[in-house]
Amino acid sequence: QQQVKQSPQSLIVQKGGISIINCAYENTAFDYFPWYQQFPGKGPALLIAIRPDVSEKKEGRFTISFNKSAKQFSLHIMDSQPGDSATYFCAVVPGGYQKVTFGTGTKLQVIP
Amino acid sequence: NAGVMQNPRHLVRRRGQEARLRCSPMKGHSHVYWYRQLPEEGLKFMVYLQKENIIDESGMPKERFSAEFPKEGPSILRIQQVVRGDSAAYFCASSPPGQVGETQYFGPGTRLLVL
């Protein structure tokens, strides 16, 4: 059972544009919603994360929007730059310890 | 403070050989997680360990795979009698006590190629 669905699979955005990546989850027991950024040949790095008690979190050019009732959350990258070109993974984490479940990833390419 | 370290970074094995992957968590971190990433796919959880204990191995294949995190030394992911389907990137992550499962810091990964 796929607990988190991520779209699109790939995305091409012009420099300066807005990149939007969406995720939908199925289980309401999740308590933490991080986004990871992965460059080729590297491990994923935590980019930004949100808890379900807020609807939006912004850090610099990166914003998470969270819709608890729809069980969806999205990553917005404002003023996208070529250096943002990477693969982005959403993830869900239940309350307590538990294992992180990752989305399938979105390969973002920002073109000049 | 060094990040999560994994070695080797690249590992080539022939079918039937053993692969041993090592992970040293960040200083002060006592929780270690192993993930597998197939080409063009997301990361799949394999196992969660604390020192000398396996907490959750629900993502580990039942055969040929094992993991440990001894009191001293790195965590080890061991794959016996490797097959071509084991070719993947294996990532280790660690987290400190009190932040379990949330902020996980990933290593650079070990890319295993089975010939």
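How each quantity is defined
- Residues numbered from 1 in each chain as written.
- Chains lettered and ligands numbered in written order.
- Predicted model: local features only at pLDDT ≥ 70, side-chain atom pairs only at ≥ 80, totals over all residues.
- Heavy atoms only, no water.
- Core = buried A, V, L, I, M, F, W, Y, C linked by side-chain atoms within 4.5 Å.
- Buried < 20%, exposed > 50% of the residue type's maximum accessible area, 1.4 Å probe, protein only.
- Helix = DSSP H or I, 4+ residues; strand = E, 2+ residues; numbered from the N terminus.
- Contact = heavy atoms within 4.5 Å.
- 1 Å grid on protein atoms, 1.4 Å probe; cavity = no way out; pocket = protein on both sides within 12 Å on 5 of 7 lines; lining within 4 Å.
- Points joined across faces, edges and corners; volume = space filled by probe spheres on them.
- Nonpolar A, V, L, I, M, F, W, Y, C, P; charged D, E, K, R; others polar.

Engineer: Account for the nonpolar core, with residues named and values stated.
Structural biologist: The biggest cluster of nonpolar side chains holds 24 residues, and the ones touching the most others in it are F33, W35, F73, L75 and Y88 of chain A. The element contributing the most residues to this core is strand 9 (residues 86-94) of chain A, with 4 residues. When residues no more than four places from it in sequence are discounted, the contact partners of Y88 of chain A are Q6, I21, Y36, Q37, L47, L75, I77, G105, T106 and L108 of chain A. Grouped together as the second largest cluster of nonpolar side chains are 23 residues, V4, M46, F65 and I79 of chain B included.

Engineer: Account for the layout of surface pockets, with residues named and values stated.
Structural biologist: To find leftover empty space, a probe the size of one water molecule is rolled over the atoms. In this model, the largest pocket occupies a volume close to 600 Å³. Forming the boundary of the largest pocket are 25 residues, of which Q38 and T87 of chain A together with Q37, P39 and E40 of chain B lie nearest the centre. When residues of the lining of the largest pocket are traced back to their parent elements, those giving at least two are strand 9 and strand 11 (106-111) of chain A together with strand 9 (88-95) and strand 11 (110-114) of chain B. Looking at the lining of the largest pocket residue by residue, the classes come out as 10 nonpolar, 10 polar and 5 charged. Reported here for the second largest pocket is a volume of approximately 370 Å³. In terms of lining, the second largest pocket is formed by 22 residues, of which the most central are T101 and F102 of chain A together with L43, K44 and F45 of chain B. Those elements giving two or more residues to the lining of the second largest pocket turn out to be strand 10 (101-102) of chain A together with strand 4 (31-37) and strand 5 (43-50) of chain B.

Engineer: Just give me the short version of the environment of R14 of chain B, but keep the residues and values in it.
Structural biologist: All names here are of chain B. Relative to the helices and strands, R14 resides in the loop between strand 2 (10-13) and strand 3 (19-24). Expressed as a C-alpha distance, the spacing of R14 and Q81, which sit 67 residues apart in the sequence, is 8.9 Å. Setting aside anything within four residues of it in sequence, one finds R14 in contact with V82, V114 and L115.

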